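Now for the letters of each chain:
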Amino acid sequence: MDDVWIRVAENMTARVSGPMKFRLVLQPAMAAISAIRSGLNDAKSGKPPYFWSLATDRTQRANLIKDGWKSVGKVFILALTLDIVYQFMELRFVYPGEAVAVAFLLAIVPYLVLCGLVTRLMSKK
């Protein structure tokens, strides 16, 4: 089991300096643009910050996930696809778990952080 974690750590750090490293900037930027647009729309319509609502409002959770997926789903799929291409080019093998983790970090995390932040900042005005 330790070998798996060592491989994952080595593969993750190799992504920073390997080919296609432009995606490490491009994909979070695309997620940020999507999050800013969603956050501004949420602030205009008086909705609470996205991640806070997702974590606390059980009745609306399914709708929030569906709405969030509409905004960031394409960026996630692109991140997943590009990581699979990277793995195939560099490793000659695809590790699906690593691909999902990278796509989550590059697309979903920036969206969750920025969408709520923008909503909160724009609601204060």
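That block above? That's the structure.
Since we're looking at a predicted model, the values are computed, not measured.

Rules used in this analysis
Residues numbered from 1 in each chain as written. Predicted model: local features only at pLDDT ≥ 70, side-chain atom pairs only at ≥ 80, totals over all residues. Heavy atoms only, no water. Salt bridge = Lys/Arg side-chain N within 4 Å of Asp/Glu carboxyl O. Helix = DSSP H or I, 4+ residues; strand = E, 2+ residues; numbered from the N terminus. Buried < 20%, exposed > 50% of the residue type's maximum accessible area, 1.4 Å probe, protein only. Core = buried A, V, L, I, M, F, W, Y, C linked by side-chain atoms within 4.5 Å. Contact = heavy atoms within 4.5 Å. Axes fitted to C-alpha atoms, helices over the stretch in contact; angles between N-to-C directions. Left-handed = near helix turned anticlockwise from the far one by under 90°. Nonpolar A, V, L, I, M, F, W, Y, C, P; charged D, E, K, R; others polar.

Draft legend 1. Structural view of the pattern of salt bridges. Applying the stated rule across the entire model yields four salt bridges. Close ionic contact of R23 with D83 constitutes a salt bridge, the shortest N to O distance being 3.1 Å. In this pair, R23 is assigned in helix α2 (residues 23-44) and D83 in helix α4 (residues 61-91), connecting sequence segments 60 residues apart. Like D83, R23 is buried.

Draft legend 2. Representation of the nonpolar core within the structure. Within the largest apolar cluster, 15 residues are counted, with the highest numbers of intra-cluster contacts made by Y50, V72 and Y111. Broken down by secondary-structure element, the contributors of at least two residues to this core are α2, α3 (50-56), α4 and α5 (96-123). Among the elements that line this core, the one with the most residues is α5, at six residues. Not counting the four nearest positions on each side in its chain, Y111 is found in contact with A31, S34, A35, S38, Y50, G68, S71 and V72.

Draft legend 3. Expanded view of the packing of α2 against α5. At a minimum axis distance of 7 Å, the contact between α2 and α5 shows a crossing angle of 30 degrees. Regarding α2 and α5, the two cross each other, and that crossing is right-handed. Among the residues forming the contact of α2 with α5, the class breakdown is 17 nonpolar, six polar and two charged.

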